Every structure is written in C-alpha cells, then in structure tokens.
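Take a look at the letters that make up each chain.
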Amino acid sequence: MNCKELVYLLGDYLEGTMEEPLRQEFSLHLEMCEPCMNFLRTYDTTRILCRQIRCEEIPEEVRTRLKAFVMEKVREHNRDIEKYVEKAAIERREQVSTLLRAYAANRLSPMMAVLFQTHNDRCETCGAFLRSIDGGKSLVEMPKVPPDIEEHIAEFLEALPPGEAPTLS
Amino acid sequence: MPTERVADDNVLLEGLRHGSAEAAETLFDRFHGRIYSLAMSILKNESDAEEAVQDVFLTVVRKAHTFKGNSALYSWMYRICVNTCLMRLRGKRRSETVAIEDFMPVFTEDGMHTSLVDDWSKEVERKALEKELGQVIQKFTETLSEKYRVVFVLSDVEGLSNEETAQILGLTVPAVKSRLHRARLYLRERLTGYLREGKMEKQ
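Residues numbered from 1 in each chain as written. Chains lettered and ligands numbered in written order. Predicted model: local features only at pLDDT ≥ 70, side-chain atom pairs only at ≥ 80, totals over all residues. Heavy atoms only, no water.

## Notes on the layout of surface pockets
And step 1. Taken as a whole, the largest pocket encloses approximately 390 Å³ of empty space.
And step 2. Surrounding the largest pocket, 19 residues form its lining, Val7(A), Tyr8(A), Lys177(B), Ser178(B) and His181(B) being those nearest its centre.
And step 3. Class assignment of the residues belonging to the lining of the largest pocket gives a composition of eight nonpolar, four polar and seven charged. (1 Å grid on protein atoms, 1.4 Å probe; cavity = no way out; pocket = protein on both sides within 12 Å on 5 of 7 lines; lining within 4 Å. Points joined across faces, edges and corners; volume = space filled by probe spheres on them. Nonpolar A, V, L, I, M, F, W, Y, C, P; charged D, E, K, R; others polar.)

## Looking at the pattern of salt bridges
And step 1. In the structure shown here, the tally under the stated rule is 20 salt bridges over all chains.
And step 2. The shortest N-O distance in the salt bridge between Glu51(B) and Arg88(B) comes to 3.1 Å. On the criterion of sequence distance, the pair formed by Glu51(B) in helix H3 (residues 46-63) and Arg88(B) in helix H4 (residues 73-90) is long-range, its members being 37 residues apart.
And step 3. For Glu51(B), a relative accessible area of 38% puts it in the partly exposed group.
And step 4. Residue Arg88(B) is classed as partly exposed on the basis of its relative accessible area of 22%.
And step 5. Several salt bridges share partner residues, and in doing so they unite Glu61(A), Arg65(A) and Glu50(B) into one network. (Salt bridge = Lys/Arg side-chain N within 4 Å of Asp/Glu carboxyl O. Helix = DSSP H or I, 4+ residues; strand = E, 2+ residues; numbered from the N terminus. Buried < 20%, exposed > 50% of the residue type's maximum accessible area, 1.4 Å probe, protein only.)

## Side note on a nonpolar patch on the surface
And step 1. On the surface, Ile81(A), Tyr84(A) and Val85(A) cluster together into a nonpolar patch covering about 320 Å² of accessible area.
And step 2. Looking at the secondary structure, you find Ile81(A) in helix H5 (residues 60-104). (Patch = residues over 30% accessible without salt bridge, like charges linked within 9 Å, V, L, I, M, F, W, Y side chains within 5 Å. Areas by Shrake-Rupley, 256 points an atom, 1.4 Å probe, with all protein chains shown as cover.)

## Things to note about the interface of chain B and chain A
And step 1. With 52 residues of chain B at the interface, the matching set in chain A holds 42 residues.
And step 2. When the two sides are added together, the surface that chain B and chain A hide from each other amounts to roughly 4,400 Å², 68% of it contributed by carbon and sulfur.
And step 3. For the salt bridge of Glu25(B) with Lys67(A), the shortest nitrogen-to-oxygen distance reads 3.2 Å.
And step 4. Taken together, the connections running from chain B to chain A amount to 16 residue pairs in polar contact (both at pLDDT 80 or more).
And step 5. At the level of elements, helix H2 (21-43), H3, helix H5 (127-142), helix H6 (146-157) and helix H8 (173-202) of chain B are the ones that each hand at least two residues to the side of chain B that touches chain A.
And step 6. For the side of chain B that touches chain A, the leading source of residues is H2(B), giving ten residues. (Contact = heavy atoms within 4.5 Å. Buried area = accessible area lost by both parts, 1.4 Å probe. Polar contact = N/O pair within 3.5 Å; in protein donor to acceptor, adjacent residues only side chain to side chain.)

## So, helix H6 (residues 110-122) of chain A
Residues spaced three or four apart along an α-helix point in a common direction, a consequence of the helix completing one turn every 3.6 residues.
Residue and element names in this part refer to chain A.
And step 1. Its 13 residues give H6 an end-to-end C-alpha distance of 19 Å, which sits within 8% of 18 Å, the value for a rise of 1.5 Å per residue.
And step 2. Inspection of H6 places Met112, Phe116, His119 and Asn120 among the buried residues, and these make up the whole buried set. The buried side chains of H6 occupy one side of the element, clustering within an arc of 95° when seen end-on. Across H6 from its buried face, at more than 90 degrees, point the exposed residues Pro110, Val114, Asp121 and Arg122.
And step 3. For H6, the elements touching its buried residues are H5, helix H7 (124-133) and helix H8 (147-158). (Expected span 1.5 Å × (residues − 1). Arc of directions from axis to C-beta.)

Here it is in structure tokens:
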C-alpha cells in the first residue's frame, strides 16, 4: 500500500469497516510513514471539528414566528379539509337520495335495476329498508335514510362501473 | 389545551392524517430544531432557512397520508428538507464555489506524498481557537458545491450514517462515501492552509 492508496481508504479505516488483511496493511504503512500519520490525524480532526458547526440553536424569535406560521397554516389546511369532507357528504347524500327516488318511482335504468336488485337481495339491511319505501306510492318526501344504510348505498354506488347512468332520462 | 403526550412517530402520523392540530404542534416541537439546523447548513442564510422550514412542515402535514412508513419519520422529513433547500438554491444565483480538484492531495508517480504533511491536530485543541475555527469551517463549507455540501452536512455535521444519507439523497452508499471523502479532503486542505497562514502572521 502506498500513501495515495492509504489516503483513499481513510474513511473506511476511521469508520472501522475495513477488512482485516487490508487493515493490517494500512496500519503497517501508517506506522512507518509520518506524512500519512499526520494526514490521518488532521483528516480525523477535520471530521470532528465539523460537528461543531452544526447550528445548534434556533433563535427564539425565529422559533416563535415559525411555530405561529406553521400552526396557522395547519388550521387553514384542516378547515379546507373539513369543508371538503362536508361537501363530499352532501354530494353523497344527494346521490343516494336520487337513487332511492328513482328506485321508488321505477325509473332506474335496466342495468341499474338489475344491479341494485341483486344487491338488495343479498344485503339484509338495504333490503329491509327498501321494502319499507317500496310500495308503489310515489314518494313526495323521501323518509330519512339511516346513516348506515346511506353509507352502504354510497359504497354500492362507488363500486359501479363508470359511465353507467343510474336513472332513465 | 390538552397536552396528551403523543408517544411515537406512528401515533403522530396517524394524528396528522386525521387533521389533528395537536399532532401538528407535537411534530413541530419535536423536529423544528433539527430541520432548521439542516436548512441552515445547506442554505447558509437565516431567512431562507426559515422559509424552507415553513415549507417542510406544510409539506409533511399535507402529505402525511402518503407517507408509507418505509423509513423513519425524521429521515422522510430530512429528505423533504433537502429537496426543499435544493430547490431554493436552484432558484438563486449560485453562491461562488471552488474547483474541489485544486484542493485534493497531490502524490508522486509512485503514490507518495509530495511534501511533508503538517500535523496541526494538537494545535486546534486550544479552547481559544474553537470559535474562530467554527467560523472558518463554516466559511469553507459554503464554498463547496452543493453536490458535496449536502452529503457532508448530513453525514459529518448532522451525524447520520452513510446508509441514512444515501437513502435520504437517493444515492448509493459508495457515492455517499466518495463525496464525503472528497469534501473532508477539501476541508482538511483548506484548514491546513488557514492554520499555516495564521502561524506565519504570528511570527
């Protein structure tokens, strides 16, 4: 091993990841070569000194300002999300109610009628609820849909193939 | 305000995903020091660092739901911080950097040192020099191009392992080692020069 090779391997040596035969060769050269020993010491010292330039403290004033800013933005963000969630819930309620109205009035598209019927035959909760609104009477006012049924029917709607118009035009 | 201690990063993330302001506050309290320090090391400017830290926390809060948990939370945040800082640097005129090649050690044809090597490792142990050297190193790292500086900052200043640095920067471990080594060689050489000049001035 010559000096150039030794310098190239300094990182591995100091990290202690060097394989044993190589390490021995490294140490052997180091013992006999003062420039390399000095190089290693200064290289290692550089490494250690650099730890100290870590900006350890954030100025209190910056910290306070940053925190206030971040928290305000987080609240804004959360408000946006709440609004979005609310909007999505309203949309969902409307979709479910449209579907149920069309069902009660026999205005589902043929494809939907089949799919919806299949679901209702299998699903006890939805089935029971639908029987309660089914009966030929044209519903002027839709009875309030219980939340669990609404969620269930919304899931059913979400799983539909795209482009399927649920009602007859 | 309830100050329920959010015990670990996963709980914290879960809270963020549910839009908990308390989780966001804990996140800030837990990480702002490290993130600010990293941003300062890369950007070298207080107001730039402050804006970068803002961006980092907003990104984390908004993207908490996309975090897969393949790495530690801090490592994900470091990555966001590095990316944010690099984007900021790119938007600016580059601060002057030097050709690192000019400061690499020189060897003879058969690979020997061409000159004697000063051992100043004992000299710098003096307390009086500490602060001064800190500033000097700071100044020298600023002249490193970002390619080397970011690796150097993560590994040697922040003290991350080479593997962590590699993961954060999307580099291979050998690439990290090689850049780190060159950055150290550069700084060692600059320090040698600085201390030699300083000595001459005193004589």
